[in-house]
Amino acid sequence: MTTTSAFATLLSMEPITVLQGKQIVLGVTGSIACYKSIDLASKLTQAGAHVDVILTESACRFVTPLSFRSVTGRPVYTDMWDLDDHVRHVGLGESADALIIAPATANTLAKMATGFADNLLLLTTLAARCPVIIAPAMDGGMWEHAATQANITTLRKRGVIQAGPAAGRMASGLSGLGRMLEPAELLGELRLLLARGGKLTGRRVVVSAGPTREPIDPVRFITNRSTGKQGLAVAQAALDAGAEVTLIAGPACEQVPYGAKLIRVQTTQEMGEAVLAQAEGADALFMVAAVADFKPRTTAERKIKKSDNADEYLRIELEKTLDILVAVKDKRKATGFPKVVLGFAAETHDAANYGNEKLQRKGLDFIAINDVTAEGAGFAVDTNRILLLGTDGVVEEMPLLSKAEVAERIVQHVARALDEL
Ligand code: CTP
């Protein structure tokens, strides 16, 4: 039996490649949203980044340097007059891969726009040669103020990346635009930033994920056990490689990666239409979804009542759904797009043979075959064991890996194939 806890450990220990070993300076300024930055620092550290935190004096009134030190395991900086290292601001700014200021108050934005350098964070920001992200957090009225908007425009013109703010309830009790983005979203922003220049930069990639649902009546449907984890991981890996990603997701797909363009679908027919439309001009299609192969021939408009059936049986006649990859094959013949197509094959026996047959019949460049009955592989777990076939035979036989790692490897193979076209 699968021991979920062992695999969960494997996942939680896993660094995120695009962030691993990266030097991130996290600037924290005086807003109540400071408490969320502790979580951001923790997430970044767990992802493998080295996080150097600089707190302004006002930030220290909301949170303590110790809070950050506890989650990053590194020194936290607050004082520009602490002269142990006389060019600390230059050192921190120059070695950083990215500088993120979260939360960024109206005051700090104004000072940045003007070029002020009266605290260590501002000094470091001026000295930094890396990309800078700001995550504004303030009351709605302050955000909308002409002065703040002018400052933001100035900073954006200089190449500063603006992340947020979001709309919602603020500390004042009022609702409006001014909330700092959530730590997970800011992590997503950093991933997108660090992915720039990756192997799929400038490529448009389509990924399908999850199951589909075929309605029997308004309250019942046929579906399968997929939760979309592998498809979501592929979408994330493509984003991490710098691609523009469209994710076509069936129901049950949660935790959609930040930065993907999301198209939600329910049925195989809807997924097929979305895939065919998005395939137009696409570089690659990763058809990871566990598409329903059969659907009821008719869908009852009203709930089917037990009392409607005199005997013990309810007969539902099923018909085959559209084979999306076969339709893609025809489209590709006519248009040349998508340039590279990868399918998945979920098998319970004789996996390599069935997988190979699907590769041929569906006109694929690659097929990722998994035996869904193997320990640690298949639906609703965080790991997978994949045999990747190409048109010339075995490309890679992967050991048991996290779905994120499987996704990274698959994406690398497809990126290489695109480069070789
Ligand atoms: N697929 C598809 N359209 C369908 C069914 C599947 O495009 N109606 C895609 C899946 O997304 C996957 C690949 O085809 O990438 C193989 O799916 P799989 O369910 O393993 O194969 P089937 O074609 O359904 O064949 P079988 O049921 O005989 O295993």
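Scoring rules and cut-offs
Residues numbered from 1 in each chain as written. Predicted model: local features only at pLDDT ≥ 70, side-chain atom pairs only at ≥ 80, totals over all residues. Heavy atoms only, no water. Helix = DSSP H or I, 4+ residues; strand = E, 2+ residues; numbered from the N terminus. Buried < 20%, exposed > 50% of the residue type's maximum accessible area, 1.4 Å probe, protein only. Areas by Shrake-Rupley, 256 points an atom, 1.4 Å probe, with all protein chains shown as cover. Lys, Arg positive; Asp, Glu negative; His and termini not counted. Charge placed at Lys NZ, Arg CZ, Asp CG, Glu CD. Domains from an automatic or database assignment. Contact = heavy atoms within 4.5 Å. Buried area = accessible area lost by both parts, 1.4 Å probe. Salt bridge = Lys/Arg side-chain N within 4 Å of Asp/Glu carboxyl O. Polar contact = N/O pair within 3.5 Å; in protein donor to acceptor, adjacent residues only side chain to side chain. Nonpolar A, V, L, I, M, F, W, Y, C, P; charged D, E, K, R; others polar. Pairing = 2+ DSSP bridges. Near = heavy atom within 4 Å.

A.B. asks: Run through the overall build of the chain, naming residues and quoting values.
C.D. replies: Within the chain, the secondary structure is distributed over 15 helices and 22 strands. Its C-alpha atoms give the chain principal-axis dimensions of roughly 80 × 55 × 45 Å. Burial status across the chain gives 49% buried among its 421 residues. As displayed, the chain has an accessible area near 20,200 Å², and 51% of this comes from carbon and sulfur atoms. For the chain, the distance from the average site of its 45 positive side-chain charges to the average site of its 48 negative ones is 3 Å.

A.B. asks: So what's going on with the domain arrangement of the chain? Residues and values would help.
C.D. replies: Here the chain is partitioned into domain 1 (23-194) and domain 2 (204-420). Between the C-alpha centres of domain 1 and domain 2 the distance comes to 39 Å. With six residues of domain 1 at the contact, the number on the domain 2 side is five residues. For domain 1, the biggest contributors to the area lost against domain 2 are Glu185, Arg191 and Leu192; these three give 76% of the whole. A salt bridge links aspartate 240 to arginine 191; its shortest N-O distance comes to 2.6 Å. Our count for the domain 1 to domain 2 interface comes out at two residue pairs in polar contact (both at pLDDT 80 or more). Here the side of domain 1 that touches domain 2 is built from residues that sort into two nonpolar, one polar and three charged.

A.B. asks: Provide a residue-level description of the pairing of strand E7 (residues 166-169), including the pertinent values.
C.D. replies: Across four bridges, E7 lies against strand E8 (residues 175-179) in antiparallel orientation. In the strand pairing of E8, glycine 168 is matched with glycine 176. Count of turn residues in the E7/E8 antiparallel hairpin: five residues, of which glycine 173 carries a positive phi of about 95°.

A.B. asks: Can you explain the site of the ligand? Please cite residues and give values.
C.D. replies: Close to the ligand lie 15 residues, the nearest being Met287, Ala289, Phe344, Lys358 and Lys362. The separation between an oxygen atom of the ligand and a polar main-chain atom of leucine 325 is 2.9 Å. Alone, the ligand offers 570 Å² of accessible surface; in the complex the protein occludes 79% of this. Listing elements by their share of the shell around the ligand, those giving two or more residues are helix H13 (324-335) and strand E17 (340-347). Ranked by residue count, the leading element in the shell around the ligand is E17, at four residues. By residue class, the composition of the shell around the ligand is nine nonpolar, two polar and four charged.

A.B. asks: Please provide a residue-by-residue account of unusual backbone geometry, values included.
C.D. replies: Excluding glycine, a negative phi dihedral is what most residues carry, and trans is how most peptide bonds are arranged. Omega for the bond connecting glycine 164 with proline 165 falls within 30 degrees of zero, at 5°, which places this linkage in the cis form. In this chain, phenylalanine 337 is followed by proline 338 through a cis amide linkage whose omega measures -10°. Along the polypeptide, proline 338 turns up in the loop between H13 and E17. Although it is not a glycine, alanine 252 adopts a positive phi angle of roughly 75°. Here alanine 252 shows up in the loop between strand E12 (244-249) and strand E13 (261-264). By relative accessible area, alanine 252 is classed as partly exposed at 39%.

A.B. asks: Quick rundown of the pairing of E12? Include the residues and the values.
C.D. replies: In terms of burial, E12 is largely enclosed, as five of its six residues are buried. Looking at chain direction, strand E9 (residues 204-209) and E12 are connected through six bridges and run parallel. Paired with valine 205 across the two strands is valine 245, which belongs to E12. In this sheet, E13 lies alongside E12 in parallel orientation, the contact comprising four bridges. Residue pairing in the sheet places isoleucine 248 in a bridge with isoleucine 263 of E13.

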